[in-house]
Amino acid sequence: MRYIFKTSYTQDIDLAKHGGQVFWYSLLGVALIVAPWALPEYWLAQLTFVLIYGVVGLGLMLLAGFTGQFSIGHAAFLGTGAYTQAVLSNMGVPFPIALVAAAALSAAVGVVVALPALRVKGIYLGIATLAFGFIVEEVFARWESVTGGNSGLHVKSASLFGWELNSSESFYLVCLLIAVLCTLAILNLLRSSTGRAFVAIRDSEISAQSMGIHLARYKTMSFAISAALAGLGGALYAHKLSFISPDQFSILQSIDLLLLVVIGGLGSVHGAFLGAIFLIAMPQLIASAKDWLPPAIGQAPGLQGLVYGLVLIAFVLFEPLGLYGRWLKVRTWLQLFPFYRRGLFKRQKSFTKSDRLR
């Protein structure tokens, strides 16, 4: 009995459920570590952006996927972190201190947004965050003495304990380390009582409140953590681009971030990074496809927005769980093969639907 209890307890605290996950995650970690020496500089830059957007996606996934609070102005937090990092770095503040300050200021802004938005939800919360995004973008454009206005602001290269991060390889490794730490932090948060409170609020605010969960406190906490991760990603984003301007943090950026979590898979940590891969890879695929399309279609303005809209509609109609949901179905098919039954996932989907309506 003692051994069973110990085994059960160990399984509860392990991040990996079985040895297969340890093997594949270890293999992925090794591949990511050797990537700077195996990939050309262009693809390494794209992989760096995937890590940066993955960090931002973790924050929005926590807010939208696990707490059920949608934000259509998340680019404001991204911009807050980016401009904080740029201003402090140009003043000579060390990179780690500026990084912490960017996350802290973004978290404070997230609290400011959360407090007046506590009484609204659904589409009204989205409208409130959308308005906040427009306000912050206007502040970036008008506060020229700090942000440089529409002319933009150059960002000095980062340095970590005397080590200049002016090469693509060194900055990629820093982004990889931060992405891993943020992922582990979110995984542990979701397993705690705080994470379970977030999920309870997402499923039913009335039920959560009846169980003693303080809605205002946990919603504000979720906004703050989400904004802090967005600010952290914004700080890395500023250093990677070396130049930032207000138009980089517009409503289009917010929609891209929302698209990231919806297509990646709401309510899954993996979905944040799968959505980031989609967000970085899709423009490249569209640009490559333009050469094969008729000129009337390939050169038409708004082609990327059209493709994004069609992809989003397809996922909402046929795969609501996103890319991660599709991977779960493929994995289940591989596990059950050759005993897979055709109607398996249809029954699973209907059960999930009825379970949510209870």
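Residues numbered from 1 in each chain as written. Predicted model: local features only at pLDDT ≥ 70, side-chain atom pairs only at ≥ 80, totals over all residues. Heavy atoms only, no water.

Please explain the overall build of the chain as it appears in this structure.
Looking only at helices and strands, the chain has 17 helices and 4 strands in total. Across the 358 residues in the chain, those meeting the buried criterion constitute 44%. Contacts in the chain between residues far apart in sequence, at least 24 positions, make up 75% of those at least 6 positions apart. When the accessible surface of the chain is totalled, it reaches about 19,800 Å², and 68% of it is carbon and sulfur. (Helix = DSSP H or I, 4+ residues; strand = E, 2+ residues; numbered from the N terminus. Buried < 20%, exposed > 50% of the residue type's maximum accessible area, 1.4 Å probe, protein only. Contact = heavy atoms within 4.5 Å. Areas by Shrake-Rupley, 256 points an atom, 1.4 Å probe, with all protein chains shown as cover.)

Just to check I follow, could you spell out the nonpolar core for this structure?
Nonpolar side chains in soluble globular proteins tend to end up buried together. In this structure, Y53, L58, F95, I186, L236, I244 and F249 are the most contacted members of the largest nonpolar core, which totals 92 residues. Considering each element in turn, this core owes the most residues, 14 residues, to helix α3 (residues 41–66). When near neighbours in sequence (up to four residues on either side) are disregarded, Y53 contacts Y237, Q253, L257, L260, A276, L279 and I280. (Core = buried A, V, L, I, M, F, W, Y, C linked by side-chain atoms within 4.5 Å.)

Help me out: how do you make sense of the packing of aromatic side chains in this one?
Using the criterion set out here, one finds 11 aromatic pairs in the structure. Centroid distance Y42 to W43: 5.2 Å. Interplanar angle 75°. Geometry classified as edge-to-face. For Y42, a relative accessible area of 42% corresponds to the partly exposed category. Here F140 and F249 contribute two aromatic rings whose centre-to-centre distance is 6.2 Å and whose plane-to-plane angle is 70°, an arrangement assigned as edge-to-face. With F140 in helix α6 (residues 123–142) and F249 in the loop between β4 (243–244) and α12 (251–264), this pair connects stretches of sequence that are 109 residues apart. Comparing F140 with F249 shows no difference in burial state: the two are buried. Site record: aromatic cluster; members linked through ring pairs are F49, Y53, Y83, F140, Y237 and F249. (Phe/Tyr/Trp six-rings, centres within 6.5 Å; stacked < 30°, edge-to-face > 60°.)

Looking at this model, I keep getting lost on the pattern of salt bridges. Mind explaining?
Any two side chains of opposite charge can pair if their charged atoms end up close together. For the structure on display, the rule yields 5 salt bridges. Between R142 and E138 there is a salt bridge; the shortest N-O distance is 2.7 Å. Residue R142 and its partner E138 are both found in helix α6; the two are separated by 4 residues, about one turn of the helix. In this structure, the salt-bridge partner of E319 is K329, at a minimum N-O distance of 3.4 Å. Of this pair, E319 sits in the loop between α15 (303–318) and α16 (322–336) while K329 sits in helix α16, and the two are 10 residues apart along the sequence. For the pair E319 and K329, a shared accessibility class is recorded, and that class is buried. Overlapping salt bridges, with partners in common, bring together E319, R326 and K329 in one network. (Salt bridge = Lys/Arg side-chain N within 4 Å of Asp/Glu carboxyl O.)

Whenever I open this one, the side chain of S71 confuses me. Can you help?
Along the chain, S71 falls in the loop between α3 and α4 (75–90). Polar contacts involving the side chain of S71 include one to the main-chain amide nitrogen of G73, which spans 3.4 Å. For S71, the side chain forms a polar contact with the side chain of H74, separated by 3.3 Å. (Polar contact = N/O pair within 3.5 Å; in protein donor to acceptor, adjacent residues only side chain to side chain.)

What exactly am I supposed to notice about the packing of α12 against α15 here?
Two packed helices can be described by the angle between their axes and the distance between those axes. Taken N-terminus to C-terminus, the directions of α12 and α15 make an angle of 35°; their axes are 11 Å apart at the nearest point. Where α12 crosses over α15, the two elements pack in a sense that is left-handed. Of the residues in α15, those touching α12 at D256, L259, V262 and I263 are Y308, V311, L312 and F315. Its residues assigned to classes, the contact of α12 with α15 comprises 7 nonpolar, no polar and 1 charged. (Axes fitted to C-alpha atoms, helices over the stretch in contact; angles between N-to-C directions. Left-handed = near helix turned anticlockwise from the far one by under 90°. Nonpolar A, V, L, I, M, F, W, Y, C, P; charged D, E, K, R; others polar.)

Would you mind going over α4 with me for this structure?
The α-helix winds at 3.6 residues per turn, so residues separated by three or four positions along the chain end up facing the same way. End to end, α4 covers 22 Å across 16 residues, agreeing with the expected 22 Å (1.5 Å per residue, within 8%). Of all 16 residues in α4, 14 are buried; the element is thus mostly enclosed. (Expected span 1.5 Å × (residues − 1).)

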